[in-house]
Amino acid sequence: MNSQIVDEKSFVISYRFFEETHETEIAMKIGGENILAFMRTGNLLTTRWNLDELAFWIREFLDHMAQDPYPVDVEGEYAAIKDINAREFDSDDDEEFDAYYDKLDEWNLRHRWHYASNGAILADLYFQLVDGCVEISWNNQETDDGVAFQCELGGARVSREQFEKEMTSFLNAYAAQWFKC
């Protein structure tokens, strides 16, 4: 899937809860395609795991979403491509090298949900607010043995309102299911 701006009906989060395991199955569809789908042992699957850490990461992203451009000037239509290209940097100056990669790592902690996977087989997604839209991009070219994501590299933009609506709906249902008082 190439980068595109999708209409509000083309971005959907669907999920299912499994009481006996505290697992949630989640799909994120953009233009009808589940960007979390992967092949494993001959089966087409989507993420299913205890997603507590991921839910907290999404809440944090929603609460602090602001214009925060990719931290270095590199080529790329969206964050996932920029991140690939940014990793080609090298320097003999240790301080310059460390400062560069620290800047990338700090940005990725705020915009890349993979750090909150907690062991789940999870597509490597980046989220970034760009001109009133949320850019969602992915780089799933390097995966564990036996896992092949259907969407290897791409991106799309969703209106901020639709993104917030879908994510908040998911988070509210997740909280009602798993964080009962």
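A brief report on the enclosed structure follows.

For the rest of this paragraph, the subject is the pairing of strand β7 (residues 125-130). A large share of β7 lies buried, amounting to six of its six residues. In β7, alternate side chains face the same way, and those of Leu125, Phe127 and Leu129 on one face and Tyr126, Gln128 and Val130 on the other are all buried. Inspection of the sheet shows β7 paired to strand β8 (residues 133-139) by six bridges, in the antiparallel sense. For leucine 129, the partnering residue across the bridge sits in β8 and is valine 134. Hairpin connection of β7 to β8: two residues between the antiparallel strands, including aspartate 131 at a positive phi of 50°.

For the rest of this paragraph, the subject is a negative patch on the surface. A cluster of acidic residues, Asp90, Asp92, Asp93, Asp94, Glu95, Glu96, Asp98, Asp102 and Glu106, forms a negative patch at the surface. Tracing the sequence through the fold places aspartate 92 in the loop between α2 (79-86) and α3 (94-111).

The subject of this paragraph is the packing of aromatic side chains. Within this structure, the stated rule accounts for 20 aromatic pairs. Ring geometry for phenylalanine 11 against phenylalanine 163: centres 5.8 Å apart, planes inclined by 25°, an arrangement best described as stacked. Here the residue phenylalanine 11 occupies a position in strand β1 (residues 11-18), and phenylalanine 163 occupies one in helix α4 (residues 160-178), the gap between them amounting to 152 residues. The class for phenylalanine 11 is buried, based on a relative accessible area of 0%. Classification of phenylalanine 163 by relative accessible area gives buried; the value is 1%. Ring centres of phenylalanine 97 and tyrosine 101 lie 4.8 Å apart, and the angle between their planes is 50°; this geometry places the pair in the tilted category. Placement of the pair is phenylalanine 97 and tyrosine 101 together in helix α3, with a separation of four residues, close to one helical turn. Classification of phenylalanine 97 by relative accessible area gives partly exposed; the value is 29%. The ring of phenylalanine 18 is capped by arginine 48, whose NZ or CZ atom sits 3.4 Å from the centre of that ring.

Our focus in this paragraph is the nonpolar core. By size, the foremost hydrophobic cluster in this structure holds 37 residues, and its most contacted members are Met28, Trp113, Leu125, Phe127, Ile136 and Phe163. Breaking this core down by element, the ones donating at least two residues are β1, β2 (23-30), α1 (52-64), β7, β8, β9 (147-149), β10 (153-159) and α4. Sequence-distant contacts of tryptophan 113, defined by excluding residues within four places in its chain, comprise Met28, Leu36, Leu54, Trp57, Ile58, Leu122, Ala123, Leu125 and Phe127. Core analysis: the second largest hydrophobic core is formed by 12 residues, Ala79, Ala86, Trp107 and Tyr126 among them.

Definitions and cut-offs
Throughout, residues of each chain are indexed from 1 in the direction in which the sequence is written. Given that this is a predicted model, residues contribute local features only at a pLDDT of at least 70 and side-chain atom pairs are listed and counted only at 80 or more, while totals for whole chains, interfaces and linings are drawn from all residues. Side-chain measures here rest on the full set of heavy atoms in the structure, leaving out hydrogens and waters. Exposure categories follow from relative accessible area, calculated using a 1.4 Å probe and restricted to protein chains: below 20% of the type maximum is buried, above 50% is exposed, and the middle band is partly exposed. Elements are defined by DSSP. Helices are runs of H or I of four residues or more, strands are runs of E of two residues or more, and each kind is numbered from the N terminus. Any two strands with at least two DSSP-identified bridges between them are counted as paired. Exposure above 30% relative accessible area and the lack of any salt bridge qualify a residue for a patch; like charges then connect within 9 Å, and the nonpolar side chains Val, Leu, Ile, Met, Phe, Trp and Tyr within 5 Å. Per-residue accessibility takes into account occlusion by the displayed protein chains alone, with areas from the Shrake-Rupley method and a 1.4 Å probe. Take a side-chain nitrogen of Lys or Arg and a carboxyl oxygen of Asp or Glu: if they are within 4 Å of each other, that pair is a salt bridge. Neither His nor the chain termini are counted; the positive set is Lys and Arg, and the negative set is Asp and Glu. Where a charge lies is defined by one atom per residue type, namely NZ (Lys), CZ (Arg), CG (Asp) and CD (Glu). Any pair of Phe, Tyr and Trp rings, taking the six-membered ring for Trp, is counted once the centres come within 6.5 Å. Such a pair is stacked with planes under 30 degrees apart, edge-to-face with planes over 60 apart, and tilted for the rest. Note on geometry: a ring has a charge over it if NZ (lysine) or CZ (arginine) is within 6 Å of the ring centre and within 35 degrees of the ring normal. Definition of nonpolar core: a set of buried residues of the types Ala, Val, Leu, Ile, Met, Phe, Trp, Tyr and Cys, connected through side-chain atoms within 4.5 Å. We call two residues in contact whenever any of their non-hydrogen atoms come within 4.5 Å of each other.

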